[in-house]
Amino acid sequence: MSRRTLARVLAHALCLLMLLAGHPDVAIAEQQQPGGSFEVAVVEHLRVKVPAEARQAWLEAERGSWDPWLTEQEGYLGRDLLWDAEREEGTLLIRWASREQWKAIPLAEVEAVQERFEELARQATGTRQGNPFPLVFEGELQPAA
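All figures in this text were calculated on a predicted structure; none of them were measured in a lab. (Residues numbered from 1 in each chain as written. Predicted model: local features only at pLDDT ≥ 70, side-chain atom pairs only at ≥ 80, totals over all residues. Heavy atoms only, no water.)

A. Local environment of the sheet that holds strand 4 (residues 76-84). The strand order 4-5-3-6 describes an open sheet built from four strands, whose pairing is antiparallel. One side of each edge strand has no neighbouring strand; the edge strands of this open sheet are strand 4 and strand 6 (135-141). Adjacent strand axes in the sheet meet at a mean angle of 15° when their direction is disregarded. As judged from the eight bridges shared by strand 3 (residues 42-49) and strand 5 (residues 89-96), these two strands associate in the antiparallel manner. Opposite H45, over in strand 5, you have L93 as the bridge partner. Lying over the sheet, helix 2 (residues 55-64) contacts strand 3, strand 4 and strand 5, oriented at roughly 170° with respect to strand 4. (Pairing = 2+ DSSP bridges. Helix = DSSP H or I, 4+ residues; strand = E, 2+ residues; numbered from the N terminus. Axes fitted to C-alpha atoms, helices over the stretch in contact; angles between N-to-C directions. Contact = heavy atoms within 4.5 Å.)

The structure is reproduced here in structure tokens:
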């Protein structure tokens, strides 16, 4: 097994362990529904390439694009932005009240916010074109039970 594959497996295992253990940084949120039942959240899991020297630019671009838009979305519960200095990657864990609410968001809206994010990121990094913080991984985490 290559080092990269091993690192990926260990990273996923750690995330799962943190979810199952109720770690506060990756807590699965619950939202009470009418009648007292709970709907368990799904966590959107993204990783992006973030060089050390551009870390602040990444955070500023996130604050100027995704933060205000996400707060307007039905089912959005919050998110955590984490940075891995060794891999120079940002990890985004975005909590949703339900998978259905998350996936109901029109792709055109997501693409428009992504364009705004990339525009802000280019301005902050002095990059002329493209996305200074390309997506490395995208997935979702759900409760084991």
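B. Expanded view of the pairing of strand 4. Bridging between strand 4 and strand 5 involves eight bridges; their strand directions are antiparallel. Opposite W83, over in strand 5, you have G90 as the bridge partner. Turn length for the strand 4-strand 5 hairpin, with the two strands adjacent in sequence and antiparallel, is four residues, and the turn residue E88 shows positive phi of about 50°.

C. Layout of the environment of R116. Here R116 is to be found in helix 5 (residues 107-125). Taking the C-alpha atoms as reference points, R116 and E62, 54 residues apart in sequence, are found 9.6 Å from one another. Leaving out residues up to four positions away in the same chain, R116 has contacts with G64 and S65.

D. Summary view of the nonpolar core. W58, W96 and F133 are the most contacted members of the largest nonpolar core, which has 23 residues in total. Where this core is concerned, the elements lending two or more residues are strand 3, helix 2, helix 3 (66-70), strand 5 and helix 5. If near-sequence neighbours (up to four positions away) are discounted, W58 is found in contact with V48, V50, L81, L82, W83, G90, T91, L92, F117 and F133. (Core = buried A, V, L, I, M, F, W, Y, C linked by side-chain atoms within 4.5 Å. Buried < 20%, exposed > 50% of the residue type's maximum accessible area, 1.4 Å probe, protein only.)

E. View of unusual backbone geometry. The backbone of E88 sits at a positive phi, close to 50°, despite the residue not being glycine. Position of E88 among the secondary structure elements: in the loop between strand 4 and strand 5. On the accessibility criterion, E88 (27% relative accessible area) is partly exposed.

F. Quick peek at the pattern of salt bridges. Under the counting rule described, the total for this entry stands at eight salt bridges. Ionic pairing is found between E89 and R47, a salt bridge with its closest N-O pair at 2.7 Å. Here E89, found in strand 5, pairs with R47, found in strand 3; they are 42 residues apart in sequence, far enough to count as distant. Overall, the relative accessible area of 7% leaves E89 in the buried class. With a shortest N-O distance of 2.8 Å, R99 and E140 are connected by a salt bridge. Here E140 lies in strand 6 and R99 lies in helix 4 (residues 99-103), a separation of 41 residues in the sequence. A residue is classified by how much of its surface remains accessible, and E140, at 29% relative accessible area, is partly exposed. Each of the salt bridges in this network shares a partner with another, and the network as a whole consists of R47, R87 and E89. (Salt bridge = Lys/Arg side-chain N within 4 Å of Asp/Glu carboxyl O.)

G. Broad picture of the packing of helix 2 against helix 5. The contact between helix 2 and helix 5 brings their axes to 8 Å, and the two run at 145°. Every pair of crossing elements has a handedness; the one defined by helix 2 and helix 5 is right-handed. Together, A57, W58, E60, A61, E62 and G64 of helix 2 and R116, F117, L120, A121, A124 and T125 of helix 5 make up the contact between the two elements. Class assignment of the residues belonging to the contact of helix 2 with helix 5 gives a composition of seven nonpolar, two polar and three charged. (Left-handed = near helix turned anticlockwise from the far one by under 90°. Nonpolar A, V, L, I, M, F, W, Y, C, P; charged D, E, K, R; others polar.)

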